[in-house]
Amino acid sequence: MNYARCDAVLPHCGMGRFPATGRGKVAPETGSPDRRGSSLCAGRTAASLARLPDPTRTARPMTDPRLTGLQQAVPALRLKTDPADLAHYGRDWTAQWTPAPLAIALPASVAEVQAVVQWANRQRVAIVPSGGRTGLSGGAVAANGELVLSLERMNQVLDFDPVDRTLTVQAGMPLQALHEAARGHGLVYPVDFASRGSCTIGGNIATNAGGIRVIRYGNTREWIAGLTVVSGAGEVLELNRGLVKNSSGYDLRQLMIGSEGTLGIVVEAIVRLTDPPPPTSVMLLALPSFEVLMRVFAEFRGRLRLEAFEFFTDVALRHMLAHGAQPPMEQQYPYYVVTEFASDREDTAAAAMAAFEHCMEQGWVADGVIAASEAQAAQIWRLREGITEATVKYKPYKNDIAVRVSAMPAFLDQAQALLGQAYPHFEVVWFGHIGDGNLHISVLKPDDVSEQEFVAQCGQVTGLLGQALKAHGGSISAEHGIGLLKKPYLDSTRDPAEVALMRGIRKVFDPNGILNPGKVFDA
């Protein structure tokens, strides 16, 4: 890959023009920087979900007589009970639980969702709401005879309001389809993830997902103007109705966001749109050590309008190269940063060069490249966005953690020492959203270690990591939720009084405990 080397344009390395990247304009057919040059740009697609390892035991078809009653209660409801469907819909990207749902319900309307929830209350049947199932905490796992309620058929745009600049969409709409719908009106929905091709807006809302542009646009929460929700009691709730200002009591919309399907099932959403982003440039930086990471971030943030600031390690790069990516530099370095910044001002090139030169002089950056075309920008982003898919075959144990950006340097020192000591024989892949304090730590399972032993050891270390997070005021889950996987460590993030209040809230919205039972905390 022929990138423009950053050092080639610095005065002490041979002066030249700071090249403009093709990412510096918005692709007309997308309205946002085009990453389609990357074979992994769609992230975790439905096809890649199907490539996950099969469960250790085969799901069996259910002939439960309750399903006859469900079909009678909701005659038009589509139901699936084929073993392959039970296995496919009963899991997410975690591989620690064997899916064993009762059946898969695929409603096509709010009325059908409400009827299913009302039936489940009468029959005391647990429901697991299901979107794109790209989560990494077991929040969409159905392993105990639950009814999976998939919203994939509810995937349409219902309304566009050009004055309010909002789209009303059904919850099963994939994020990528939402992006395309917004672009069709000359606007953008700016929240973005590597899994955009298969994750759904309902699932994004359920976990308050963040992604790669939180540093610029915030989390999903900031872009939800209203929700239609079917509560655990079977009531249809219209929350906030798209209002910008609304001080009439509690904002139940915000309560639903991040609730992981334990309070209600999001069926429709009013999402806010904004203007297309400015032209941008994409740069890949090579760092000699972990300790300088936040210094580089501070330098670039001080000089440029950052759209993203992501990092990954040489271990992550090695897996990406094995997965088909091209080497971005002549030699490898321990740590890398992908940064994207607005380049619509005349002084941007000089500011970017000044930031790079300063970091080189301080010894914080060892090398760098800047994309000179949209295809090269896509290749750089592929190095970061493809990591999860490149390592999924190793059944990684994932930690998705967060601390305040100001606490990041001290926490990084402690976490690196802790994990280095705890995992001397395990390969650990670090990557994440440094700009918003979110780290992803994936521990890869060795072939000679059993699944049970691996998970047990990782769980013990996660407990220690939780203690470190508590000391730094952090969170055990930044954007994937608590689900099943992080439930044992919730007390590192929330104190007993908070958990007691959450239990009480859950009881109000779901008095019979039918929605996603066992997730977040036990009843």
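> Go over unusual backbone geometry, please, and point to the residues and values.
Positioned with a positive phi, arginine 124 is a non-glycine residue whose angle comes to about 55°. With respect to the element layout, arginine 124 can be found in the loop between α4 (110–123) and β4 (127–130). On the basis of relative accessibility, which here comes to 53%, the residue arginine 124 falls in the exposed class.

> Report on the sheet that holds strand β8 (residues 224–231), specifying residues and quantitative values.
In space, the 5 strands of this open sheet follow the order β6-β7-β10-β8-β9, with antiparallel pairing throughout. Strands at the two margins of the open sheet, each flanked by one partner only, are β6 (157–161) and β9 (236–239). Between one strand axis and the next, the sheet turns by 15° as a mean value, whatever way the strands run. Relative to strand β7 (residues 166–170), β6 is paired through 4 bridges, and the arrangement is antiparallel. From the neighbouring strand, aspartate 159 faces β7, where its bridge partner is threonine 168.

> Please provide a residue-by-residue account of the pattern of salt bridges, values included.
For the structure shown, the criterion picks out 14 salt bridges. The closest approach of N and O atoms between arginine 165 and aspartate 275, which form a salt bridge, is 2.7 Å. Placement of the pair is arginine 165 in the loop between β6 and β7 and aspartate 275 in the loop between β10 (264–272) and β11 (280–287), with a sequence separation of 110 residues. Under the relative-accessibility criterion, arginine 165 is labelled partly exposed at 28%. Its salt-bridge partner being arginine 305, residue aspartate 344 comes within 2.1 Å of it at the nearest N-O pair.

> Report on the layout of surface pockets, specifying residues and quantitative values.
Approximately 840 Å³ is the volume found for the largest pocket. In this structure, the largest pocket is lined by 33 residues; those nearest its centre are Arg221, Gly258, Glu260, Ser477 and Arg494. Those elements that provide at least two residues to the lining of the largest pocket are α8 (252–256) and α16 (496–509). Considering every element that reaches the lining of the largest pocket, the biggest residue donor is α16, with 3 residues.

> Explain the pairing of β4 residue by residue, including any values.
Residues Ile127 and Pro129 of β4 are buried on one face, and the alternating residues Val128 and Ser130, pointing to the opposite face, are buried as well. Bridge count for β4 against strand β5 (residues 147–150) is 4 bridges, and the pairing is parallel. Among the inter-strand pairings, proline 129 is bridged to a residue of β5, identified as leucine 149.

> Which residues make up the packing of aromatic side chains, and what values go with them?
If you walk through the whole model with that rule in mind, you get 8 aromatic pairs. On the basis of an interplanar angle of 65° and a centroid distance of 6.2 Å, the ring pair of tyrosine 217 and tryptophan 223 is categorised as edge-to-face. Relative accessible area serves as the criterion here: at 11%, tyrosine 217 is assigned to the buried category. For tryptophan 223, a relative accessible area of 13% corresponds to the buried category. Where tyrosine 423 meets phenylalanine 426, the ring centres are 5.7 Å apart and the plane angle is 25°; that geometry is what we call stacked. Both residues of the pair, tyrosine 423 and phenylalanine 426, belong to the buried class. Each residue in the set Phe290, Phe311, Tyr335 and Trp430 is aromatic and connected to the rest through ring pairs, giving one cluster. Between arginine 506 and the ring centre of phenylalanine 521, over which it is positioned, the NZ or CZ distance is 5.1 Å.

> Please provide a residue-by-residue account of the sheet that holds strand β3 (residues 103–106), values included.
Each strand in a sheet pairs with its neighbour through backbone hydrogen bonds, running either in the same direction (parallel) or in the opposite one (antiparallel). On the basis of which strands lie adjacent, the open sheet formed by 4 strands has the order β2-β3-β5-β4 and mixed pairing. Of all the strands in the sheet, just β2 (78–80) and β4 have a single pairing partner and so form its edges. Recorded for the sheet is a direction-independent mean angle of 25° between the axes of neighbouring strands. Taken together, the 3 bridges between β2 and β3 define a ladder with antiparallel strand orientation. Residue pairing across strands places leucine 79 opposite alanine 105, the latter belonging to β3. In the packing of α4 onto the sheet, contacts are made with β3, β4 and β5, and the angle to β5 comes to roughly 165°.

> Describe in detail α4, supporting the description with residues and values.
Quick reminder: α-helices carry 3.6 residues per turn. Residues three or four places apart thus point the same way. The terminal C-alpha atoms of α4 lie 20 Å apart, and with 14 residues this matches the ideal 20 Å at 1.5 Å per residue to within 8%. The set of residues buried in α4 consists of Val110, Glu112, Val113, Ala115, Val116, Val117, Trp119, Ala120 and Asn121.

> Pulling in residues and values, what's your account of the pairing of β7?
For β7, the buried fraction is high: 5 of the 5 residues fall into the buried class. Where burial is concerned, the two faces of β7 agree: the one with Thr166, Thr168 and Gln170 and the one with Leu167 and Val169 are both buried. Linking β6 back to β7 in an antiparallel pair, the connection comprises 4 residues, with arginine 165 at a positive phi of about 55°. Where β7 and β10 come together, 5 bridges link them in antiparallel fashion. The residue bridging threonine 166 from the neighbouring strand is arginine 272, located in β10.

Criteria and cut-off values
Residues numbered from 1 in each chain as written. Predicted model: local features only at pLDDT ≥ 70, side-chain atom pairs only at ≥ 80, totals over all residues. Heavy atoms only, no water. Helix = DSSP H or I, 4+ residues; strand = E, 2+ residues; numbered from the N terminus. Buried < 20%, exposed > 50% of the residue type's maximum accessible area, 1.4 Å probe, protein only. Pairing = 2+ DSSP bridges. Axes fitted to C-alpha atoms, helices over the stretch in contact; angles between N-to-C directions. Salt bridge = Lys/Arg side-chain N within 4 Å of Asp/Glu carboxyl O. 1 Å grid on protein atoms, 1.4 Å probe; cavity = no way out; pocket = protein on both sides within 12 Å on 5 of 7 lines; lining within 4 Å. Points joined across faces, edges and corners; volume = space filled by probe spheres on them. Phe/Tyr/Trp six-rings, centres within 6.5 Å; stacked < 30°, edge-to-face > 60°. Lys NZ or Arg CZ within 6 Å of the ring centre and 35° of its normal. Contact = heavy atoms within 4.5 Å. Expected span 1.5 Å × (residues − 1).

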